[in-house]
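Residue-level structure breakdown
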Amino acid sequence: MLGVPISAVGLSHHLVPLDELAHLSQAAAPIREALDTAGLAGQVLLSTCNRFEVYFESPTFHTGLEAALDAVRTALPPAQRGLVDQFEVYAGQAAVQHLLEVASGLDSMVVGEAEIIGQVREALATSGERATASLHRLFHAALATAKAVSTGTDLGAAGRSIAQVGLQLVEQRHFPLAGRRTVVVGTGSYARVVTAALSRLGCTDLWVYSPSDRARQFAATHPVQPVPMDGLADAIAAADLLVTCSGGESSQGPLVSAAQLAAARASATALLPVLDLSLAGDVAPDAAGLLNIDLIDLEEVGAHAPTEQTASVLAARDLVARGVDTYLHLEQGRAATPAVTAMRAHVSQFIEREIEAAARRYDPETAAAVARSLRRVSNALLHTPSLRAAELARSGELADYSHALQTLFGIEVEADA
């Protein structure tokens, strides 16, 4: 068992449609605020186009679980509160394994996707002080395992992403994207992924539109040209491909309506592929009914995601299993830290007294030599007992060790030391 209870709750594309996940994603800010007052020791919110999950630390599992679920339920609009009843729950080792699988791309819509590592890293960074030391260690373990999967298996070597699968689908249905004019709607983190994927496909005539008027800033650091705030219709009229991935830059519903598309393409003779990679849907669904529009959304991209080779998945799962074992081994050993700290502090007080006495009796050079010798002997004597404490912590026998310290040396071990 873990020394510190870490659990996770949430939903993924496996359980609910993407539009329901979008409701959770749109409520991320109030959910995070509600979790801040739920009495949890710490929490990290992971929200992507595949999933919405909360990883949290709590002194007791059931109390923390109820607090987390109640916080999410309270923060949601009444119409969406029933989603909480569908949340999956992972506790202790199961939560560890789940996060390592998620970070490695094994639980993604596109298995082995490349961008999930960055999303997990960003979730930890965004959590700030909400993430406890234990949660930091867990997320770093997940990132280390994901990197091992990425570099050590064919699963990671493919470097696939939802954006790449979607763009490949466009090329299969319509035309090579090299040399084509593409308009990207959105300037968030996913827009960077889309822009990079388009550039790799040879699409150099790239334009970006931002509903929050950040197109110029985005264009300053990316190989794109900005579309003016009032220029979206003209940009769509001249485009060969429209890709939307606003990432919630607007909360006023779809950014592009069927009427807007129809008006912008009224004089165009070519069919316009529209790739909507936004979880909430940047393009109105009824745009799919337009004769000169081919609307491809996340659901369709997921349906065309490639099937992975069994050998690659098995190799990745083996690395995840090793990552879980390593994490648990280190965490269980950490339970010995208070006992080791107390023991070292007890011995240190005697060593420092002798060093002070040597400083009064001898010249500085001799006193320094005595101090070095005493500290070296102290470290040597404490090395084996420290290792033994970690071993006993992993086997669940640390209480006997702590009792022996108290009985033999009068050392009181504080639980939170």
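Structure: above.
In this section: the overall build of the protein chain. Scanning the protein chain from terminus to terminus reveals 17 helices and 10 strands. Computed over the C-alpha atoms, the radius of gyration of the protein chain is 28 Å, more than 25% above the 22 Å expected from 2.2 N^0.38 for a compact globule of 417 residues. With the C-alpha coordinates aligned to their principal axes, the bounding extent of the protein chain is approximately 95 × 50 × 45 Å. The buried share of the protein chain, reckoned over its 417 residues, is 48%. Expressed as a percentage of contacts within the protein chain between residues at least 6 apart in sequence, the contacts between residues at least 24 apart total 72%. A total accessible area of about 19900 Å² is found for the protein chain, and carbon and sulfur atoms account for 53% of it. Separation of charge centres in the protein chain, based on 29 positive and 46 negative side chains, amounts to 9 Å.

On to the pattern of salt bridges, then. In total, this model carries 11 salt bridges according to the counting rule given. A salt bridge links Arg317 to Glu101; the shortest N-O distance between them is 3.3 Å. Residue Arg317 is found in helix 14 (residues 310-334), and its partner Glu101 is found in helix 4 (residues 93-103); the two are separated by 216 residues along the sequence. Residue Arg317 is classed as partly exposed on the basis of its relative accessible area, which comes to 37%. Salt-bridge contacts for Arg375 lead to Glu352; the nearest nitrogen and oxygen are separated by 3.3 Å. Remark: Glu352 occurs in helix 15 (residues 337-361) and Arg375 occurs in helix 16 (residues 364-395); sequence separation between them is 23 residues. Judged by its relative accessible area of 29%, Glu352 falls in the partly exposed class.

A word on the environment of Val194. The residue Val194 is located in helix 9 (residues 189-200) in this model. In this structure, the C-alpha to C-alpha distance between Val194 and Asp85, residues 109 residues apart in sequence, is 34 Å. Every residue in contact with Val194, bar those within four places of it in the chain, is listed here: Ala163, Val184, Val243, Cys245 and Leu277.

Our next topic: helix 8 (residues 162-173). Residues that lie three or four places apart on an α-helix share one face, since the helix turns once every 3.6 residues. The end-to-end C-alpha distance of helix 8, which contains 12 residues, comes to 17 Å, matching closely the 16 Å that a straight helix rising 1.5 Å per residue would cover. Along helix 8, the residues classified as buried are Ile162, Ala163, Gln164, Val165, Gly166, Leu167, Leu169 and Val170. Check the buried side of helix 8 and you find it contacts helix 9, strand 8 (241-244), strand 9 (272-276), strand 10 (293-296) and helix 13 (298-303).

Bringing the environment of Leu275 into the picture now. Secondary-structure assignment places Leu275 in strand 9. On the basis of relative accessibility, which here comes to 0%, the residue Leu275 falls in the buried class. Leu275 sits 104 residues away from Asn379 along the chain, and the two C-alpha atoms are 63 Å apart. Once residues lying within four places of it in the same chain are set aside, the contact partners of Leu275 are Gly166, Leu167, Leu242, Val243, Thr244, Ile296 and Val301.

Looking now at the packing of aromatic side chains. Taken as a whole and assessed by the stated rule, the structure comprises one aromatic pair. When the ring centre of Phe175 is taken as origin, the NZ or CZ atom of Arg180, which lies over that ring, is 4.0 Å away.

Read across the sheet, four strands follow the order 2-3-1-4 without closing on themselves; strand pairing throughout is antiparallel. Looking at the sheet topology across the chains shown, the edges are occupied by strand 2 (42-47) and strand 4 (88-91). For this sheet, the mean angle separating the axes of adjacent strands, direction not counted, is 15°. Pairing geometry for strand 1 (residues 6-12) and strand 3 (residues 51-57), over seven bridges, is antiparallel. Bridged to Ala8 within strand 3 is Tyr55. In this fold helix 1 (residues 18-26) packs onto strand 1, strand 2 and strand 3, with an angle of close to 45° to the strand it touches most, strand 3.

Right, let's get into the sheet that holds strand 7 (residues 225-226). One open sheet accounts for six strands, arranged 7-6-5-8-9-10; its pairing is parallel. Every other strand in the sheet has two partners, leaving strand 7 and strand 10 as the edge strands with one partner each. Taken together, the two bridges between strand 6 (residues 205-209) and strand 7 define a ladder with parallel strand orientation. Paired with Trp207 across the bridge in strand 7 is Gln225. Against the sheet, helix 8 engages strand 8, strand 9 and strand 10, with an angle of about 150° to strand 10.

So, how was this worked out
In every chain, residue numbers begin from 1 and rise along the written sequence. pLDDT decides what is reported in this predicted model: residues at 70 or higher carry local features, side-chain atom pairs at 80 or more are listed and counted, and totals for whole chains, interfaces and linings draw on all residues regardless. Side-chain numbers here rest on the full set of heavy atoms in the structure, without hydrogens or water. Strands here are runs of E lasting at least two residues and helices are runs of H or I lasting at least four, both read from the DSSP assignment and numbered beginning at the N terminus. When we talk radius of gyration, it's over C-alpha atoms, and the globule rule is simply 2.2 Å times the number of residues to the 0.38. When a residue's accessible area, from a 1.4 Å probe over protein chains only, is under 20% of the maximum for its type it is buried; when over 50% it is exposed; and in between it is partly exposed. Contacts are residue-level and defined by heavy atoms, with any inter-residue pair within 4.5 Å sufficient. Each accessible area is a Shrake-Rupley estimate made with a 1.4 Å probe; only the visible protein chains count as cover when residues are assessed. Under this rule, positive means Lys or Arg and negative means Asp or Glu; His and the chain ends count for nothing. Each charge is placed at NZ for Lys, CZ for Arg, CG for Asp and CD for Glu. By salt bridge we mean one thing: a side-chain nitrogen of Lys or Arg within 4 Å of a carboxyl oxygen of Asp or Glu. In this analysis, the expected span of each helix is defined as 1.5 Å times one less than the number of residues it contains. Each aromatic pair joins two rings of Phe, Tyr and Trp (for Trp, the six-membered one) with centres within 6.5 Å, and gets the label stacked for planes under 30 degrees apart, edge-to-face for over 60, and tilted for any other angle. When the NZ atom of lysine or the CZ atom of arginine is within 6 Å of a ring's centre and also within 35 degrees of its normal, the charge is said to sit over that ring. Paired strands, in this sense, are two strands between which DSSP finds at least two bridges. Comment: axis = line fitted to C-alpha atoms, over the contacting stretch for helices; angle = value between 0 and 180 degrees taken between N-to-C directions.

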